[in-house]
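Secondary and tertiary structure notes
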Amino acid sequence: MKQAGKQNPATAPGPRPASSDNLLLISAFGTPGQSPLLALSKRIAECGCNVSEARVSTLGNELHVLALAQGAWDAIAKLENALGRLDRDGALRLAHFRTSAREPQATLLPYMVEVICADKPGVLFQLAEFFTRQSITIEQLHSTRYRAMQTGADMFSAQITIGIPNTMHIAGLRDDFLEFCDGLNLDAIMDPMKF
């Protein structure tokens, strides 16, 4: 006879992952008046999850929110359903999927790169291609196009956080990067991140 509250070890479900192992990456676009951050953070909290990381940016007339929600497996499932309902309402454009925690990157050195130049097509591609050829990861990037106040010239600006392998010769990399920038007429600096 089976006692109430006890499970047979042979039929008991396996251990559930810890709440830190359940992550949902959410991307939402909406107009600033619709406040995608407010809508997302409310749903995340109502479902019993927490915001592990978040980024907000305005691109064109759209406000973009990128959020990493963390919680127990059932809370994440509840959040996925809530986001499905929010997406069907049509106020926001949403995409979400489960992901895992990032492995520590102890072998990468964080550096900040800043680039300013006259705007021309392909600058961002050429920067990304340079770092990819060097096996350097781009961790974060913010680029914008603007008109210079003094001259009215169209300008390009980028702030890039990169991860340089600790086996790479930094002075050699810096020389190669500055030579690359000189060839494209880019004004650039590469410095270690200061925390």
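Residues numbered from 1 in each chain as written. Predicted model: local features only at pLDDT ≥ 70, side-chain atom pairs only at ≥ 80, totals over all residues. Heavy atoms only, no water.

A look at the overall build of the chain
In terms of regular secondary structure, the chain is built from four helices and eight strands. Reading the secondary structure of the chain in the N-to-C direction produces β-α-β-β-α-β-β-α-β-β-α-β. Counting all 195 residues of the chain, 30% fall into the buried class. For the chain, the proportion of contacts with a sequence separation of at least 24, taken over those separated by at least 6, is 70%. Of the roughly 12500 Å² of accessible surface on the chain, a fraction of 54% belongs to carbon and sulfur atoms. (Helix = DSSP H or I, 4+ residues; strand = E, 2+ residues; numbered from the N terminus. Buried < 20%, exposed > 50% of the residue type's maximum accessible area, 1.4 Å probe, protein only. Contact = heavy atoms within 4.5 Å. Areas by Shrake-Rupley, 256 points an atom, 1.4 Å probe, with all protein chains shown as cover.)

Focus on the sheet that holds strand β2 (residues 50-59)
Taken in spatial order, the four strands line up as β2-β3-β1-β4 in an open sheet, and their pairing is antiparallel. In the strand order of this sheet, the two ends are held by β2 and β4 (93-99), each with one partner. The mean inter-strand angle of the sheet, taken between neighbouring strand axes irrespective of direction, is 15 degrees. Note that strand β1 (residues 23-30) and β4 share seven bridges and pair antiparallel. Along β4, the bridge assignment pairs alanine 28 with leucine 94. Sitting on the sheet, helix α2 (residues 73-89) is in contact with β1, β3 (62-70) and β4, with an inclination near 160 degrees to β4. (Pairing = 2+ DSSP bridges. Axes fitted to C-alpha atoms, helices over the stretch in contact; angles between N-to-C directions.)

Notes on the packing of aromatic side chains
The geometry of two aromatic rings is summed up by the distance between their centres and the angle between their planes. Under the definition given, this model contains five aromatic pairs. Ring centres of phenylalanine 130 and phenylalanine 177 lie 5.5 Å apart, and the angle between their planes is 50 degrees; on these two criteria the pair is classed as tilted. Separated by 47 residues along the polypeptide, phenylalanine 130 in helix α3 (residues 123-133) and phenylalanine 177 in helix α4 (residues 170-184) bring together distant segments of the chain. The burial state of phenylalanine 130 is the same as that of phenylalanine 177; both residues are buried. Aromatic pair phenylalanine 131 and phenylalanine 177: ring centres 5.4 Å apart, planes at 25 degrees, arrangement stacked. Within this pair, whereas phenylalanine 131 is found in helix α3, its partner phenylalanine 177 is found in helix α4, the two being separated by 46 residues in sequence. Grouping residues by exposure puts phenylalanine 131 and phenylalanine 177 together as buried. (Phe/Tyr/Trp six-rings, centres within 6.5 Å; stacked < 30°, edge-to-face > 60°.)

Notes on helix α1 (residues 36-46)
Restricting attention to buried positions, one finds in α1 the residues Pro36, Ala39, Leu40 and Ile44. Viewed end-on, α1 has its buried residues packed into an arc of 125 degrees, placing them on one side of the element. Away from the buried face of α1 by more than 90 degrees, exposed residues Leu38 and Ala45 are located. Tucked into the core, α1 has its buried residues touching β1, β2, β3, α2 and β4. Positioned one or two residues after α1, glycine 48 has a phi angle of 85 degrees, which is positive. (Arc of directions from axis to C-beta.)

Some details on the sheet that holds strand β8 (residues 187-192)
Here we have four strands laid out as an open sheet, ordered β6-β7-β5-β8, and antiparallel in their pairing. Each end of this open sheet is capped by a strand with a single partner; those strands are β6 (137-147) and β8. Shown here is a sheet whose adjacent strand axes are inclined to one another by a mean of 15 degrees, direction ignored. In the sheet, strand β5 (residues 108-118) pairs with β8 via six bridges, with the strands oriented antiparallel. Paired with methionine 112 across the strands is aspartate 191, a residue of β8. Against the sheet, α3 makes contact with β5, β6, β7 (154-165) and β8, and its axis sits at roughly 15 degrees relative to β7, the strand it touches most.

Side note on the environment of isoleucine 26
Relative to the helices and strands, isoleucine 26 resides in strand β1. We classify isoleucine 26 as buried; its relative accessible area is 0%. Separated by 57 residues in the primary sequence, isoleucine 26 and leucine 83 place their C-alpha atoms 9.0 Å from one another. Excluding residues within four positions of it along the chain, isoleucine 26 makes contact with Leu40, Ile44, Val65, Leu66, Ala67, Ala69, Leu79, Leu83, Leu94, Ala95 and His96.

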